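Fold and contact review
The lines below spell out each chain.
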Amino acid sequence: MTDRTNADRRLFRRTLARVLAMQVVALAVLWLLQTSFTP
Amino acid sequence: MHWLNWVIVVAYLGWVTWDGVRRSHGTKELEGYFLANRSLPWWAVGLSVMATQLSAITMIGTTGQGATDGMRFIQFYFGLPIAMVILGVTLVPFLHGARVYTAYEYLERRFDAKTRSLTAFLFLLSRGMSCGAIISAPAIVFSAVFGWSMPLSVAIIGIPTVIYTMIGGVQAVTWVDVKQMFIIVGAVLAIVVVLLVKIPVGPADALAIAGAAGRLRAFDFSFSLENTYTFWSGIIGGTFLMLSYFGTDQSQVQRYLTARSVDEARSSLLMSAYWKIPLQALILMVGILVFVFYLFQRPPLLWNPAHESRVRAEAPAEFASLESRFVNEYTARQMAANNLASASDSAAVAVFRAHERQIGDIRTEALALANRVTGEPSRDVNYVMPRFVLDYLPVGLVGLFIAAVLAAAMSSIAAELNSLATSSVIDFYRRWVRAEATDAHFLTVGKIATGLWGLFACGVALYAASLGSLIEVVNRFGSFFYGSILGVFLLAMIPGTRGWGAFIGLIAGMATVATVAFGAPSVSFLWHNVVGAVTVVIVGLLLGRSRTPTSARA
């Protein structure tokens, strides 16, 4: 049970880190699209 | 339409209905029917959360918005990842840990029965009507594009969904949602590939042209309470809206209550946070590429085919004159686009933009004419994508797109019917009518409630055209209490706050939002959620906190 809880917690932390990284990448891509192609 | 496309649509409808119905095996208890015995993996719950939020309006309307308005709509979702992270560390552990069936059930444990019943009633009222609107939006488009009657369009979307939701319960809703998400994303990716092949200029030139037309402007840092699509509206107002939707709306709460543990429930929400902005950007990019495609392929003057044929028949001279001006302007704009692709200097950009403005003016005149002839608002933007799909997609992909629109509609409707039935049974029938009965009895009542809500939603959808203003009133009413309900849940997490304060706060929150909405109608609805939530928390705190924390007494 404890192993299961720890595994779930690790999954949550890992997912949280990925979410933050993905948002930074997504916003950076949108910013680059806007600044590179909008005269 | 080619027979192969119909085969794909019919096969899809048969498959999802069968797949949903077979999930009923083993569902003999109330917890199994409504919460899948809290046994679902986080990735399936996460996909279900995403599928529930993504409706047919996204597939048809958002792509059309991308074509006509560009990327700026993406700002609406900037608050979503923030809201998901906040919910993951605050409300989700509360609700999942409380072992409740509905979010409102938790409010009775924390506050009192009247707060629970009022919030549940507001949910049933708004979601019941919005479920009808979710069916009617694609049904109206199908009617106009294929010439189907409204009852047939509503039946094609509504009947299979009601059948599998009623028989299979939340297991059916979740596992069908998972498959529907794959169909939706697969169809969107296939359309992107077709567009890239069909557009006569390279991807970089296509982006340069879209950028020159202002379609790639994703960020607007101006601060305006009246504009929904700005960075600040999205980050602040959007966060409150998403907190309300994912944290207090039973149609979403029920998704993650089915997860195996609190951490899996959190992870399922984070999965949606991870994908939402990229997926929404992809859907808007489809619309932007459709815009670029129609720079090199003459588009219709009116996108709505039913309106186009009526205006052509009833005001032929006026329409012909507009169409002739439109063709001339289109030819000039096409040349300007070609020049822009070969040499993107500021002069070429200025010429292209001037022709783009002219085309916009002619379209505005055509829409006013259509409105005069038909007596209906045109909502032309919703027909951009269906017209492109039917006119230019290869055989097979048309069927896949229609299946994807049906999937998007059905996934939202199924989750809403399931949650409406859950709240009806748990918050009203079991609470006020019959507290003690066997699981089999409540299961039967749950299935009947799902069927009745399905009938109600289909009825609303059928009469949506004549009920148009009523639906608008209900939606507006909905925006009055969405943020206020969030405020009640925020109050519930503050130790020592009392039921009376929450109830009065809820009413004060709704009254304040109504005052803002009527007193300053130009303020965007995104800010109503902020006003409602903050008012409830302030009033709830001002009305005093009990000496002993309620959570300790519970």
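Keep in mind the model is a prediction, meaning the values are calculated, not measured.

**Notes on the overall build of chain B**
Helices and strands together make up the secondary structure of chain B, namely 23 helices and zero strands. Here chain B has a C-alpha radius of gyration of 24 Å; the compact-globule value for 554 residues is 24 Å, and the two agree. In terms of its C-alpha atoms, chain B occupies a principal-axis envelope of roughly 75 × 50 × 40 Å. Counting over 554 residues, chain B shows a buried share of 61%. For chain B, the accessible area works out to roughly 20100 Å², and carbon and sulfur atoms hold 65% of it.

**Concerning the layout of surface pockets**
All names here are of chain B. Estimates place the volume of the second largest pocket at around 480 Å³. Residue assignment for the lining of the second largest pocket shows that the elements contributing at least two residues are helix H4 (56-69), helix H13 (262-296) and helix H16 (346-374). No other element matches H16, which puts eight residues into the lining of the second largest pocket.

**Examining the pattern of salt bridges**
Residues and elements named next belong to chain B. This model, assessed by the stated rule, comprises 24 salt bridges over all chains. Asp263 is the partner of Arg266 in a salt bridge, and the nearest nitrogen-oxygen pair spans 2.8 Å. Placement of both Arg266 and Asp263 in helix H13 is noted, with a separation of three residues, approximately one turn of the helix. Across the pair, exposure class does not vary: Arg266 and Asp263 are buried alike. Taken together, the shared-partner salt bridges in this structure form one network comprising Glu308, Arg312, Glu323, Arg387 and Asp391.

**Quick notes on the confidence of the model for chain B**
Residue and element names in this part refer to chain B. With 95% of its residues at a pLDDT of at least 70, chain B reaches an overall mean of 90. Across residues 547-554, where pLDDT falls below 50, the model places eight contacts with residues more than four positions away in sequence or in other chains. For this predicted complex, the interface score ipTM comes out at 0.84, alongside a pTM of 0.91.

**Points about the packing of aromatic side chains**
The full count for this structure, using the stated rule, is 36 aromatic pairs over all chains. Each ring, one from Trp6 of chain B and one from Phe146 of chain B, has its centre 5.6 Å from the other, and the planes form 55°; the classification is tilted. Remark: Phe146 of chain B occurs in helix H8 (residues 113-146) and Trp6 of chain B occurs in helix H1 (residues 3-21); sequence separation between them is 140 residues. Here the aromatic residues Trp31 of chain A together with Phe78, Phe219, Phe221, Phe231 and Trp232 of chain B are joined through ring pairs into a cluster of three or more.

**Section: a nonpolar patch on the surface**
There is a patch of nonpolar side chains on the surface, built from Trp31 of chain A together with Phe221, Phe223, Leu225, Trp232 and Ile236 of chain B and spanning about 580 Å² of accessible area. You can call Trp232 of chain B partly exposed: its relative accessible area is 34%.

**Section: unusual backbone geometry**
All names here are of chain B. Even without glycine at this site, Asn37 takes up a positive phi of about 55°. Assignment of secondary structure puts Asn37 in the loop between helix H2 (30-35) and helix H3 (42-53). Classification of Asn37 by relative accessible area gives partly exposed; the value is 38%. Non-glycine residue Arg38 carries a positive phi angle of around 50°. You can see Arg38 is positioned in the loop between H2 and H3. The class of Arg38 is buried, set by a relative accessible area of 7%.

Rules of the game
- Along every chain, residues carry numbers that run from 1 in the direction the sequence is written.
- Each chain gets a letter, beginning with A, and each ligand a number, beginning with 1, in the order they are written.
- Restriction of local features to residues with pLDDT of at least 70 applies here, the model being predicted, together with a cutoff of 80 or more for giving and counting side-chain atom pairs; totals for whole chains, interfaces and linings are based on all residues.
- Excluding hydrogens and water, the side-chain values take into account all heavy atoms of the structure.
- Starting at the N terminus, helices and strands are each numbered in turn, a helix being any DSSP run of H or I of at least four residues and a strand any DSSP run of E of at least two.
- Each radius of gyration is computed over the set of C-alpha atoms, and the globule rule expresses the reference value as 2.2 Å times the number of residues to the power 0.38.
- Type-normalised accessible area, obtained with a 1.4 Å probe on protein chains alone, sets the label of each residue: buried when under 20%, exposed when over 50%, and partly exposed for intermediate values.
- Only the protein chains shown count as cover for residues, and all accessible areas are computed by the Shrake-Rupley method using a 1.4 Å probe.
- Buriedness for pockets is judged along seven lines, at least five of which must meet protein on both sides within 12 Å for an open set on the 1 Å grid over protein atoms alone, while cavities are sets there where a 1.4 Å probe fits but cannot get out, and lining residues have an atom within 4 Å of a point.
- Grid points are joined across faces, edges and corners, and a volume is the space filled by probe spheres set on the points.
- Note on definitions: salt bridges are taken to be side-chain nitrogens of Lys or Arg within 4 Å of carboxyl oxygens of Asp or Glu.
- Confidence scores per residue from the predictor, reported as pLDDT, run from 0 to 100.
- Residues count as neighbours in contact if any of their non-hydrogen atoms are within 4.5 Å of one another.
- Here a Phe, Tyr or Trp ring, Trp counted by its six-membered ring, pairs with any other such ring whose centre lies within 6.5 Å, and the pair is stacked when the planes are under 30 degrees apart, edge-to-face when over 60, and tilted otherwise.
- Exposure above 30% relative accessible area and the lack of any salt bridge qualify a residue for a patch; like charges then connect within 9 Å, and the nonpolar side chains Val, Leu, Ile, Met, Phe, Trp and Tyr within 5 Å.

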